[in-house]
Amino acid sequence: MSLLSLFRPARTESGRKLHDFHGGIHPPQRKTLSSEAPIRPGPLSATLVLPLNMHLGAPALPCVQVGDRVLKGQILAEASGPVSAPVHAPTSGVVRAIEPRPIQHPSGLDALCVVLDSDGEDRWTALTPCPDYRDMPRAELVARIRDAGIAGLGGAGFPTAVKVNVRDSQRIEQLIINAVECEPYITADDRLMRERAEGVIAGIQVLQHLVQPMETLVGIEDNKPEAIAAMRAAAAGTGIEIVTVPTKYPSGGEKQLIRVLTGKEVRSGGLPADVGVVCHNTGTAWALHRLVTTGEPLISRITTLTGTAFAEPGNVEVLIGTPVADLLAFGGVPQPHTGRLIMGGPMMGFSIENPLAPVVKTTNCIIAAPLSELPEPEPEQPCIRCGACAEVCPADLLPQQLYWYSKASEFDRAQHYNLMDCIECGACAYVCPSHIPLVQYYRYAKGAIRQQAAEHQKADRARERFEARTARIEREKAEKEAKRQARLEANRQKSSPATSVAAATPAADPVADLKKAVGEASSAYKAAVKIAKEAEEQGADNAADLRAEADQLKARADELKIALRDAKANAPAAVAPTAQAAPADPVADLKKAVGEASSAYKAAVKAAKEAEEQGADNAADLRAEADQLKARADELKIALRDAKASAPAPTRPAPASPAPAAPPAVSLSTAPESPTAQANAEDEASAEAERAKRAQRMKALKTAFNMSHKQWKEASAALERAERDGLPDVDTHRARVDKLKKKADLAKAQLNELVEAAKADMKASTGTDLKTLKLQAARAESTVREKTAALATAREAGDEERINVLQQELAAAEQQALETARTLKQAVAEQGLSDGDDA
Amino acid sequence: MALLHVTSPHATSSQRTGALMRQVMLATLPGLAVLTWLFGWGTVINVIWAMLIAAAAEAAVLKARGKPVGLYLRDNSALVTAVLLALAIPPTAPWWLTLIGVGSAIILAKQLYGGLGMNPFNPAMVGYVLLLISFPVEMTRWLAPGAAPDLATSWQLFLDRYPGADALTGATPLDSFRTWAGDASALAAEPILQGRFAGLGWEWVNVAFLAGGLYLLWRRIITWHIPVAFLAGLGLCALPFWLYDPVRFASPLFHLFSGAAMFGAFFIATDPVSAATSRWGRLIYAALIGVLIWVIRSLGGYPDAVAFAVLLLNLAAPTIDYYTQPRTYGHDKPKRGTG
Ligand code: SF4
Ligand code: SF4
């Protein structure tokens, strides 16, 4: 809390009131080391290494093969999800390998890279500029940006296309261009603005066009007078405001800059867009300018080579993928270099573990500093609680408390002190007189907290899965038992001729049933909406899930309503198709069922094995499922054997014994095997056959419906024409239309009936129905979305550990989404249902 | 390539805990000089003696605890404790008094709690209060200012071989005011109360410590929060009472420049380890120390009260911190408690 700031409301020349943020430091700038030489082109390395995860989000998917010859600017890997960015060839050459390579990552792990051998020709692929981007549909321009692989060139590497694609509901008040460059040493943006201000402004105009902000502010620290002058000149008359902000680290932190320029604070855990702000980087604006004027994808960037070990420090336009070692040689760093080698700035950058690591889209600086410049860290001394750290913390945390609790692994307490709001700016560690590597402690604690949370979640999920499965098994048992009873009952009734007609009609009255179902569904929907609303109000994180569930329920209720309407219309016609049943040959059916069951079992075993190998956490579940399938297959086999043995005598007990079959009588009259097993087997077999029949019939009905629908349409058109032209045969046409319409409606109604039956059957047989599956799919997708958003936040915060974890989580979630989608599709296909059927 | 693999930040400021502590000791020099000028060499001898004891005690305990002695001694914190305690002990103190005081400050008040940074109480003040309670006679044997004994006498006093030690004793301004409060003519007759603006001699001691404190502020070793709040608490508390009855209650100026006021404000209450840590917490902490000092001086049984007030507020510091956490960026309101 600086008292002075209370009395001195900072204002810029343009009269904009600037705000201050708490804390901050003034480390030696050391910028002139690299800021005075013009940007020069970088070296053309013999081999370029292009990591597939240069951006935030899902790694790109390679779309070239080893040995492929590629041209400069040609796509090497495609974006693989909503939050992802493609990778392009920075020069022409041959793809040598697609393999894990060392990259600059705090985890020290290798990452999958496309390795490109340059052919030295640097030959461009054909490019399509779009200078008339203002006339393009917005979606197309966004797609162009996405396809150009442009990602935030400042901090996190967030795909620009995602960021500019603001929802219509979000009113963006300020578009902020972060040209603060507050870290010592780095001058890439400074040089870029000095030399290419027009291009940067043109790029900002592209962003303006996309985001439609109320005002556009470019924040530049007052230690870059030349850049400010150049940008002011270029921005004259554009409505873009160049705002000079006082030099203080970390005013270039996104949250801090937003506060300085607008006085707004991004809520803890929120995104700038929530407060009507979008932040982009200068380099991003430049890349956009290149894209619209030349069509170039993002294949190079300006990187500062600095530190006194460089004989020729300065800013270099380097091809992405250039190994750091080549840049060291290019800048004249004497070999071997000892001391610090940092990617990024001295405050937040990372030590480079391996100089073969490549420059990526976010690499703004390479510092090679001998020990005399950035000496070895001093030994850690006890915290004297001097509070210097709290004085400088830009997030207004109590770093020493965070330190004590992180060190003692009291993570709850550390979280209570808002550990998660730490942006890891390093200001606290910079001033700590006891040289405590505070940030290191925070990273450790954050990692541990995230791990705990992940484990918690895992355990919860496992428990939920287990409970769901137990419930399903119970339900299945109950349903089977009910079915068996029903059949016994039916058989009993069949034997008495008086009731045989009644037995042919399945349920009493489909309309009444449907009515009931509609009522239930809509009340369920209402309840779900209520719950979802509550959750949203309380900001519960499963609100999205609940909302999705409610939507599903709504869809279902609507579906039922339509079915009800149809049923009412065609009440007499509707009952007919369901009455068909009774498999022809039980033995053949059983054989088929056995075959199916054992192949299902085999597939399940395989899946379980794979899962085990990959250490997936659902391996145990899969294994259990496989066991269950095996049991079922065995059961069926036994039933088949029995059926074969008693082939002459029909397996179905009902026709054989006209008398009401009391349970003891059955057990006497059948084989020594458990009667339930047999009944079950029979059940399965007949159900299977029924299903197959139904699927066939459904197909036929669908075709019928489609045909009559089409004919009806044509007939309607003909009728219209006839009416318009005043032809005499209008009435014939009209009659034809009516007839066809009726035909189509009937087919549709019958089809609907079958669809319903199929759904119900599916529910009975697998314990899940389409709704659940859809819900799962929706849930998985919303998890992916959530994770993506969280990841974005993490990237913005520069929270490396969190990013790691989230990336993994995201990958897992995407996997799951894929799987559920596949299951859904399969289920739909199996039941002969298609997506259109429940629309 | 011999590369350094460390996490960010890669640059650090030049502040060092050891250097900070050295600056604190340097800043006491004006005060030490004035004390020597007024009361002779006793304080200097005590300071040196205390530093030796502190270093030895600290090293011994560190060794016993199996810690790297050199590294921990280099933080200089034990020496600061020693200097501060020695400055608070009367210049007539015999060697064993300092030995007991410094020894218990380092061993009991600091190392037994886990060493630097872990002690809830200001070690120097723990040592001081322990001595004050155990040896009230020796601890209140101040000399009349200006009647400084020569080096030989001071040495004899230090060795506890000076026969007429008690005869040397003179009252401090705070003692005198306490004794004669309410009696205008007696107060006017008391020579020690006739300083330029506060008690005779002692006003200069306080001015010297104020100068040292300003140096610390200038060097950014301490922040303004604690000294300002401390002095404001003391002065603002004294003001209305003095306006109400200047014969019974001393003036704010007298309070601020008597006894250990400036020494306490800049050197004792600013000990970061035992103070409150949040910004508002520090203001409240120091202001309450100031208020308590006035209360004890004016209404309590002891003429001066810096040590008691500081220790009491050390006790309250965690509670103060509990309620004064800052509002973190992106949060609506500050949190309370420790989770
Ligand atoms: S700056 Fe260092 S020594 Fe001072 S309180 Fe913070 S962590 Fe402790
Ligand atoms: S690293 Fe975290 S705790 Fe330290 S100053 Fe930055 S935000 Fe505050």
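Because the structure is a prediction, the values reported are computed rather than measured. (Residues numbered from 1 in each chain as written. Chains lettered and ligands numbered in written order. Predicted model: local features only at pLDDT ≥ 70, side-chain atom pairs only at ≥ 80, totals over all residues. Heavy atoms only, no water.)

Draft legend 1. A look at the overall build of chain A. Check the secondary structure of chain A and you find 26 helices and 17 strands. A burial count over chain A gives 49% of its 839 residues as buried. In chain A, the proportion of contacts linking residues at least 24 apart, taken out of those at least 6 apart, comes to 74%. Carbon and sulfur atoms form 55% of the exposed surface of chain A, whose accessible area is close to 38200 Å². (Helix = DSSP H or I, 4+ residues; strand = E, 2+ residues; numbered from the N terminus. Buried < 20%, exposed > 50% of the residue type's maximum accessible area, 1.4 Å probe, protein only. Contact = heavy atoms within 4.5 Å. Areas by Shrake-Rupley, 256 points an atom, 1.4 Å probe, with all protein chains shown as cover.)

Draft legend 2. Focus on the pattern of salt bridges. Residues and elements named next belong to chain A. With the rule as written, the count across this model stands at 29 salt bridges over all chains. Of the charged contacts in the structure, one is a salt bridge between Asp 20 and Lys 248, with a shortest N-O distance of 3.0 Å. Here Asp 20 is found in the loop between helix 1 (3-7) and helix 2 (32-35), whereas its partner Lys 248 is found in the loop between strand 11 (240-245) and helix 7 (254-262), with 228 residues between them in sequence. A salt bridge links Glu 173 to Lys 264; the shortest N-O distance between them is 2.4 Å. Here Lys 264 lies in the loop between helix 7 and strand 12 (277-281) and Glu 173 lies in the loop between helix 4 (160-164) and strand 9 (174-178), a separation of 91 residues in the sequence. Shared partners join several salt bridges into a network, and the residues in it are Glu 36, Asp 190, Arg 194 and Glu 226. (Salt bridge = Lys/Arg side-chain N within 4 Å of Asp/Glu carboxyl O.)

Draft legend 3. Focus on the confidence of the model for chain B. Across chain B, the average pLDDT comes to 88, with 96% of residues at 70 or higher. Overall fold confidence for the complex sits at a pTM of 0.66, while the interface term, ipTM, reaches 0.84. (pLDDT = per-residue confidence, 0-100.)

Draft legend 4. Up close: the interface of chain A and chain B. Taken residue by residue, the interface counts 71 residues in chain A and 48 residues in chain B. Of the roughly 5200 Å² buried between chain A and chain B, counting both surfaces, carbon and sulfur atoms make up 54%. The interface formed by chain A and chain B includes four salt bridges. One salt bridge connects Arg 267 of chain A with Asp 332 of chain B, and the closest N-O pair in it is separated by 3.0 Å. The tally of links between chain A and chain B comes to 26 residue pairs in polar contact (both at pLDDT 80 or more). (Buried area = accessible area lost by both parts, 1.4 Å probe. Polar contact = N/O pair within 3.5 Å; in protein donor to acceptor, adjacent residues only side chain to side chain.)

Draft legend 5. Focus on the packing of helix 17 (residues 279-299) of chain B against helix 18 (residues 306-323) of chain B. All names here are of chain B. Contact geometry for helix 17 and helix 18: axes closest at 9 Å, N-to-C directions at 145°. For the pair helix 17 and helix 18, the sense of crossing is right-handed. Facing helix 17, whose interface residues are Gly 281, Ile 284, Tyr 285, Leu 288, Ile 289, Leu 292, Ile 293 and Ile 296, helix 18 presents Val 306, Phe 308, Ala 309, Val 310, Leu 312, Leu 313, Asn 314, Ala 317 and Ile 320. (Axes fitted to C-alpha atoms, helices over the stretch in contact; angles between N-to-C directions. Left-handed = near helix turned anticlockwise from the far one by under 90°.)

Draft legend 6. Main features of the sheet that holds strand 16 (residues 350-351) of chain A. Residues and elements named next belong to chain A. Spatial ordering of the open sheet is given by 1-14-13-17-15-16, a layout of six strands whose pairing is mixed. Only two strands of the sheet have a single neighbouring strand rather than two, namely strand 1 (40-41) and strand 16. Taken together, the two bridges between strand 15 (residues 340-343) and strand 16 define a ladder with antiparallel strand orientation. By the bridge assignment, Met 343 is partnered in strand 16 with Phe 350. (Pairing = 2+ DSSP bridges.)

Draft legend 7. Inspection of the site of ligand 1 at higher detail. Taken together, Cys 383, Ile 384, Arg 385, Cys 386, Gly 387, Cys 389, Gln 400, Cys 432, Pro 433, Ser 434, Ile 436 and Leu 438 of chain A make up the full set of residues adjacent to ligand 1. Class assignment for the residues of the shell around ligand 1 results in eight nonpolar, three polar and one charged. (Near = heavy atom within 4 Å. Nonpolar A, V, L, I, M, F, W, Y, C, P; charged D, E, K, R; others polar.)

Draft legend 8. A look at the packing of helix 5 (residues 188-211) of chain A against helix 8 (residues 282-294) of chain A. Residues and elements named next belong to chain A. Two elements in contact, helix 5 and helix 8, have axes whose closest approach is 7 Å; the angle formed by their N-to-C orientations is 60°. Handedness of the helix 5/helix 8 crossing: left-handed. Here Asp 189, Leu 192, Met 193, Arg 196, Gly 199, Val 200, Ala 202, Gly 203, Ile 204, Val 206 and Leu 207 of helix 5 come into contact with helix 8, specifically with Thr 282, Gly 283, Ala 285, Trp 286, Leu 288, His 289 and Val 292. Taken together, the residues that form the contact of helix 5 with helix 8 break down as 11 nonpolar, five polar and two charged.

Draft legend 9. Spotlight on the packing of aromatic side chains. Residue and element names in this part refer to chain B. Tallying each qualifying case throughout the model produces 19 aromatic pairs over all chains. A centroid spacing of 5.6 Å and a plane angle of 65° characterise the contact between Phe 39 and Trp 142, whose relative ring orientation is edge-to-face. With Phe 39 in helix 2 (residues 29-39) and Trp 142 in the loop between helix 8 (136-139) and helix 9 (151-158), the pair connects residues that are 103 residues apart, well separated along the chain. An identical accessibility class is assigned to Phe 39 and Trp 142; each is buried. (Phe/Tyr/Trp six-rings, centres within 6.5 Å; stacked < 30°, edge-to-face > 60°.)

Draft legend 10. Expanded view of the sheet that holds strand 3 (residues 61-62) of chain A. Residues and elements named next belong to chain A. Strand order in this open sheet of three strands is 3-5-6, and the pairing throughout is antiparallel. Only two strands of the sheet have a single neighbouring strand rather than two, namely strand 3 and strand 6 (87-88). As paired strands, strand 3 and strand 5 (residues 75-78) are joined by two bridges and run antiparallel to one another. Looking at strand 5, one finds that Leu 61 is bridged to Glu 78.

Draft legend 11. The arrangement of helix 7 of chain A in detail. Residues and elements named next belong to chain A. Burial within helix 7 is extensive, with eight of its nine residues counted as buried. Among the residues of helix 7, those classed as buried are Glu 254, Lys 255, Gln 256, Leu 257, Ile 258, Val 260, Leu 261 and Thr 262. Gly 263 lies just past helix 7 and shows a positive phi near 80°.

Draft legend 12. Unusual backbone geometry, seen in detail. All names here are of chain A. Between Tyr 249 and Pro 250 the backbone carries a cis peptide bond, its omega angle lying at 0°. A positive phi is found at Tyr 185, a non-glycine position, where the angle reads about 75°. Among the secondary structure elements, Tyr 185 is positioned in the loop between strand 9 and helix 5. Taking relative accessible area as the criterion, Tyr 185 reaches 2% and is therefore assigned buried.

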